[in-house]
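Residue strings, one per chain:
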Amino acid sequence: QVRLVESGGGLVQAGGSLKLSCAQSGGTFSSYAMGWYRQAPGKERKLVATITSSGSTNYADSVKGRFTISRDGAKNTVYLQVNSLKPEDTAVYYCRAWLLGNGNYWGQGTQVTVSS
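One structure accompanies this document, and this report is about it. The residue numbers shown here count from 1 along each chain, following its written sequence. Local features in this predicted model are restricted to residues whose pLDDT is 70 or higher, and side-chain atom pairs enter the listing and the counts only when it is 80 or higher, whereas totals over whole chains, interfaces and linings include all residues. Water and hydrogen atoms were dropped before computing side-chain values, which therefore reflect all heavy atoms in the structure.

This next bit is on the environment of Tyr105. Its location among the elements puts Tyr105 in strand 10 (residues 104-106). Under the scheme applied here, a residue whose accessible area is under 20% of the maximum for its type counts as buried, over 50% as exposed, and between as partly exposed, the area being computed with a 1.4 Å probe on protein chains only. Owing to a relative accessible area of 18%, Tyr105 belongs among the buried residues under this scheme. Taking the C-alpha atoms as reference points, Tyr105 and Lys46, separated by 59 residues in sequence, lie 15 Å from one another. For this analysis, residues touch if any pair of their heavy atoms sits within 4.5 Å. Apart from the residues within four sequence positions on either side, Tyr105 is in contact with Gln1, Val2, Leu4, Tyr32, Cys95, Arg96 and Ala97. Polar side-chain contacts of Tyr105 include one of 3.0 Å to the side chain of Gln1. A run of H or I in DSSP counts as a helix once it spans at least four residues, and a run of E counts as a strand once it spans at least two, with each numbered from the N terminus. What qualifies as a polar contact is a pair of N or O atoms within 3.5 Å, subject to a donor-acceptor requirement within protein and to the restriction that residues adjacent in sequence count only when both atoms come from side chains.

What follows is about the nonpolar core. Met34, Trp36, Leu80 and Tyr93 are the most contacted members of the largest nonpolar core, which totals 29 residues. Mapped by element, the contributors of at least two residues to this core are strand 3 (18-25), strand 4 (33-39), strand 5 (46-51), strand 7 (67-72), strand 8 (77-82), strand 9 (91-98) and strand 11 (110-115). Once residues lying within four places of it in the same chain are set aside, the contact partners of Leu80 are Leu18, Lys19, Leu20, Trp36, Val48, Ala49, Phe67, Thr68, Ile69 and Tyr93. Each nonpolar core is a collection of buried residues, namely Ala, Val, Leu, Ile, Met, Phe, Trp, Tyr and Cys, held together in the definition by side-chain atoms within 4.5 Å.

Bringing the packing of aromatic side chains into the picture now. For Phe, Tyr and Trp, rings pair up if their centres lie within 6.5 Å, where Trp contributes its six-membered ring, and each pair is then called stacked (planes under 30 degrees apart), edge-to-face (over 60) or tilted (otherwise). Taken as a whole and assessed by the stated rule, the structure comprises two aromatic pairs. With a centroid separation of 5.0 Å and 65° between ring planes, the pair formed by Tyr37 and Trp106 is classed as edge-to-face. Of the two residues, Tyr37 is situated in strand 4 and Trp106 in strand 10; the sequence distance between them amounts to 69 residues. Judged by relative accessible area, Tyr37 falls into the buried class, the value being 11%.

Next comes the structure, spelled out in structure tokens:
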């Protein structure tokens, strides 16, 4: 089965940056669409950014211009560069991988905490 492992979270001050990583094992990485989601305390999990197998990206309005999703086929890894962080960005960030009608995989999450 597909396994996803996130890393790169941490505690930063408002205005700071982090680069989150999601390493995939199992499955054919290049075939999967990938996404980053986040879940803030007491809130539902929400979409942050997606990237298709062909490299097309999409972002939530709240992060456009600040976050960048990318993928590295040689490393089977998806990244989320998060810049100009705000306290409202504080959440557990989760990686997701999926194929059309063929599974839905989640990582364990990595905590991003932004202090004001």
